[in-house]
Amino acid sequence: MNRSNTSAPLCQAPDSEIRSPKIAFPSGAVDCHAHVCGPATEFPYASERIYTPPDATLETYRLLINMLHVDRAVLVQPSVYGTDNRAMLAALKQYPEQFRGVAVISSNPNETTDKELESLHQAGVRGIRCNIVDVADPSAGLPIKNLKQLANKIKPFGWHLELLMHVNEYPSLAKIFEDFPNNFASVESKSRTKPLTSLVSLANLWTICMISIICKSIGLSSIRIISIASTTISTN
């Protein structure tokens, strides 16, 4: 596949200066949402991506979490790789005791076999992600029927289904998700809206995640509140 995409703009690189937090994280702390990007020469980005990240390699990330005294992490497949999970799987293989993963597979449940899911499970994957935000054409929206079938398909593995979406665009989310399997887990959103808060009462939705906040007290410019679901998968 041709992985070049001159129309996908470069995004800003992270701050290379690593600073220790002003408070100590507790023993057993888990980063519940991190991406590994690159090296692009080894793991080229998908041609359909909408941005091009600088390399954010596994070893650079490990330097960061070691400095922060974070023991374990959940590596989430970024949109720039589409369904090519090789970079994340390579990280899981290199540090199987430290990391678990959330993969991206086809939204068509018939395109992924149980054998392929079992292989991902053995590699350390504990969930799948559906991203309808960082895509070239977000107008298609949530593939609800397919997602429900996928949730049932991954249920025997104890996985969760993670969604990245703008909840304000779906005022009836609670109704949509009320009959999803019990393993349906987490919604990523960047806004506090009524559709978001209405999901809290659902038994099959473990928590709400990714509300960006400023937290200067620990010496970080920003942290993200991530789901208990991701924390849970990092321990098994």
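Data block above holds the structure.
Our subject in this report is the structure included herewith. (Residues numbered from 1 in each chain as written. Predicted model: local features only at pLDDT ≥ 70, side-chain atom pairs only at ≥ 80, totals over all residues. Heavy atoms only, no water.)

### A closer look at the overall build of the protein chain
Inference 1: Scanning the protein chain for helices and strands turns up seven helices and nine strands.
Inference 2: Buried positions account for 47% of the 236 residues belonging to the protein chain.
Inference 3: Considering only residue pairs separated by 6 or more positions, the protein chain has 68% of its internal contacts joining residues 24 or more positions apart. (Helix = DSSP H or I, 4+ residues; strand = E, 2+ residues; numbered from the N terminus. Buried < 20%, exposed > 50% of the residue type's maximum accessible area, 1.4 Å probe, protein only. Contact = heavy atoms within 4.5 Å.)

### Quick notes on the nonpolar core
Inference 1: Grouped together as the largest cluster of nonpolar side chains are 38 residues, with contacts concentrated most on Leu75, Phe99 and Leu142.
Inference 2: The dominant element in this core, judged by the number of residues it contributes, is helix H1 (residues 58-68), at five residues.
Inference 3: In this structure leucine 142 touches Ile132, Leu147, Leu163, Met165, Tyr170, Leu173 and Phe177, once residues within four positions along its chain are discounted.
Inference 4: Counting six residues, the second-largest nonpolar core is a separate cluster that includes Tyr45, Val80, Tyr81 and Ala87. (Core = buried A, V, L, I, M, F, W, Y, C linked by side-chain atoms within 4.5 Å.)

### Section: the pairing of strand S5 (residues 160-164)
Two faces, one strand: in a regular strand the side chains alternate between the faces of the sheet.
Inference 1: Most of S5 sits out of view: five of its five residues are buried.
Inference 2: Burial of the side chains of S5 extends over both faces: His160, Glu162 and Leu164 are buried on one face and Leu161 and Leu163 on the other.
Inference 3: Here strand S4 (residues 125-131) pairs with S5 via five bridges, running parallel. When the sheet's bridge partners are listed, glycine 127 is paired in S5 with histidine 160. (Pairing = 2+ DSSP bridges.)

### Focus on unusual backbone geometry
Inference 1: Omega for the peptide link from glycine 38 to proline 39 comes to 0°, which places this bond in the cis form.
Inference 2: Tracing the chain through its elements places proline 39 in the loop between strand S1 (30-34) and H1.
Inference 3: In the Ramachandran plot, histidine 69 falls in the positive-phi region, its phi being about 65° despite a non-glycine side chain.
Inference 4: In this structure, histidine 69 sits in the loop between H1 and strand S2 (72-76).
Inference 5: Given a relative accessible area of 56%, histidine 69 falls into the exposed group.

### Quick notes on the pattern of salt bridges
Inference 1: Taken as a whole and judged by the stated rule, the model has three salt bridges.
Inference 2: Between aspartate 84 and arginine 86 there is a salt bridge, with its nearest N and O atoms 3.0 Å apart.
Inference 3: What makes arginine 86 partly exposed here is its relative accessible area of 42%. (Salt bridge = Lys/Arg side-chain N within 4 Å of Asp/Glu carboxyl O.)

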